[in-house]
There are 2 protein chains.
Amino acid sequence: MGITKSEIFTEKQNQLAQLAKALAHPARIAIIEHLLKINTCICGDLVSVIGLAQPTISQHLKELKKIGIIQGQVEGTSVCYCINTEKWKEISLAFETFFSKDTNPPSCC
Amino acid sequence: MGITKSEIFTEKQNQLAQLAKALAHPARIAIIEHLLKINTCICGDLVSVIGLAQPTISQHLKELKKIGIIQGQVEGTSVCYCINTEKWKEISLAFETFFSKDTNPPSCC
DNA sequence: AGCATTCATCGTAATATTGCAATATATAAA
DNA sequence: TTTATATATTGCAATATTACGATGAATGCT
């Protein structure tokens, strides 16, 4: 039905899935990578760099803002975007923790 | 249009987004976490543990197998699933590399 | 005030995802 | 060979996502 049964999962499982979802589009990966490289830039720059229409970029930015990994600051008619360092570390830690679990050698396969 | 313009992004960006997408559902996180804990289990166990219908679990397992993070071994009428340790490390590294980039303090926001 | 610029939001079309009932497939057991 | 068990696949309904044109809102400039 396109709707996720969040209520049967733990808070942590839902949270990590939500973080993964925000990263689950190459445009959003590209936006983050550009911000990491350039440190800070306005929405219009992202539109030219990425190559998607302005409303589409705006929508992707919204998804990223939703999990707090980026933040925007109005500067005149432009909006200056950058990584939220604190959230970045938090999200990084969430994935790190998930992947830190050791995988024992399988007994059957 | 629900369709991603993969051709305008780099191979790496598409790959990481695809990995994130596979993790972008709490049921799939739950499946992985259960496999990490139990080491190995059959599909039927996952159906009872997770609490989704058998076809739904089967579909999620398919998504996880697609990126190679898990693998299944037929054992009689059952299928025994486990983490693919090599792929696990590979995927872990992909996220680690992505998050390893330092975030400089923003100049504008 | 009037106009240009930048970005967000709305509306919409195309496609993807989620979930499950029904069914197909494969193996084991009787 | 028939029956039972376990899993995969199919088909479908409901919802979500992606993309973009059109439009709205906010700010700066003249």
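The structure this text deals with has already been given above.
Note that this is a predicted model, so its numbers are computed, not measured.

S.K.: Could you give an account of the packing of aromatic side chains, naming the residues involved and the relevant values?
M.R.: One pass over the structure, following the stated rule, counts nine aromatic pairs over all chains. Ring centres of F95 of chain A and F99 of chain B lie 5.5 Å apart, and the angle between their planes is 25°; on these two criteria the pair is classed as stacked. In this pair, F95 of chain A sits in helix α5 (residues 85-100) while F99 of chain B sits in helix α5 (residues 85-100), so the two residues belong to two different chains. Assigned by exposure class, F95 of chain A and F99 of chain B land together as buried. A connected cluster of aromatic rings, assembled from ring pairs, spans W88, F95, F98 and F99 of chain A together with W88, F95, F98 and F99 of chain B.

S.K.: Tell me about the interface of chain B and chain A, and name the residues and values.
M.R.: Chain B puts 48 residues into the contact, and the matching count from chain A is 48 residues. In this assembly, chain B packs against chain A so that about 4,300 Å² is buried in total across both faces, 71% of it on carbon and sulfur atoms. The largest contributions to the chain B side of the interface with chain A come from F98, F99 and T103 of chain B, which together make up 15% of the buried area. At the junction of chain B and chain A, the tally comes to two salt bridges. The shortest N-O distance in the salt bridge between K101 of chain A and E33 of chain B comes to 3.9 Å. Scanning the region where chain B abuts chain A turns up four residue pairs in polar contact (both at pLDDT 80 or more). Every element with two or more residues in the side of chain B that touches chain A is listed here: α1 (11-22), α2 (26-38), β2 (70-75), β3 (78-83) and α5 of chain B. When grouped by side-chain class, the residues that make up the side of chain B that touches chain A number 28 nonpolar, 14 polar and six charged.

S.K.: Which residues make up the side chain of Q13 of chain A, and what values do they have?
M.R.: Along the chain, Q13 of chain A falls in helix α1 (residues 11-22). Under the relative-accessibility criterion, Q13 of chain A is labelled buried at 10%. The contacts of Q13 of chain A, once residues within four sequence positions are left out, are P26, I29, A30 and E33 of chain B.

S.K.: Kindly report on the nonpolar core, identifying the contributing residues and their values.
M.R.: Counting 67 residues, the largest nonpolar core has F95 of chain A together with F95 of chain B as its most contacted members. Every residue in contact with F95 of chain B, bar those within four places of it in the chain, is listed here: F95 and F99 of chain A together with L16, L19, A20 and L23 of chain B.

S.K.: Outline the pairing of β3 of chain B, listing residues and values.
M.R.: Residues and elements named next belong to chain B. As paired strands, strand β1 (residues 40-42) and β3 are joined by three bridges and run antiparallel to one another. Residue pairing in the sheet places I42 in a bridge with C80 of β3. With six bridges connecting them, β2 and β3 associate as antiparallel partners. Note on β3: the bridge partner recorded for Q71 is C82. With antiparallel pairing between neighbouring strands as the criterion, β2 and β3 make up a hairpin whose turn holds two residues, including G76 at a positive phi of roughly 65°.

S.K.: Give a detailed account of the relation of the copies chain B and chain A, specifying residues and quantitative values.
M.R.: The operation relating chain B to chain A is a screw motion whose rotation component is 180°, with 0.0 Å of axial translation and a residual RMSD of 0.0 Å. Overall, the copies show the geometry of a two-fold rotation axis. Residue A20 of chain B, judged by its C-alpha, is the member of chain B lying nearest the rotation axis, at 2.4 Å. By residue overlap, the copies meet face to face through one surface: 100% of the interface positions of chain B are interface positions in chain A.

What counts, and at which threshold
Every chain begins its residue count from 1, and numbering advances along the sequence as written. Chains carry letters from A onward and ligands carry numbers from 1 onward, assigned in written order. Given that the model is predicted, a residue must reach a pLDDT of at least 70 before its local features are reported, and side-chain atom pairs must reach 80 or more before they are shown or counted; all residues, however, enter totals for whole chains, interfaces and linings. Based on all heavy atoms of the structure, the side-chain values leave hydrogens and waters out of the count. Classification of ring pairs rests on two measures: the distance between centres of Phe, Tyr or Trp rings, Trp counted by its six-membered ring, which must be within 6.5 Å, and the angle between planes, read as stacked under 30 degrees, edge-to-face over 60 and tilted in between. Secondary structure counts use DSSP, requiring at least four H or I residues in a row for a helix and at least two E residues in a row for a strand, with both numbered from the N terminus. Working definition: with a 1.4 Å probe on protein chains only, accessible area under 20% of the residue-type maximum means buried, over 50% means exposed, and in between means partly exposed. Here, two residues are considered to be in contact whenever any of their heavy atoms come within 4.5 Å of each other. Defined in terms of a 1.4 Å probe, buried area is the accessible area two parts forfeit on being brought together, summed over both. Throughout this description, the term salt bridge denotes a Lys or Arg side-chain nitrogen within 4 Å of a carboxyl oxygen of Asp or Glu. N or O atoms within 3.5 Å of each other form a polar contact, as long as, within protein, one can give a hydrogen and the other can take it, and as long as residues adjacent in sequence are counted only when both atoms are side-chain atoms. Classification used: nonpolar for Ala, Val, Leu, Ile, Met, Phe, Trp, Tyr, Cys and Pro, charged for Asp, Glu, Lys and Arg, polar for all others including Gly. Only buried Ala, Val, Leu, Ile, Met, Phe, Trp, Tyr and Cys residues count toward a nonpolar core, and they belong to the same one when joined by side-chain atoms within 4.5 Å. Paired strands, as defined in this entry, are two strands with at least two bridges between them according to DSSP. Least squares is the method for superposing the copies, and the C-alpha atoms it fits come from residues with pLDDT of at least 70 in both.

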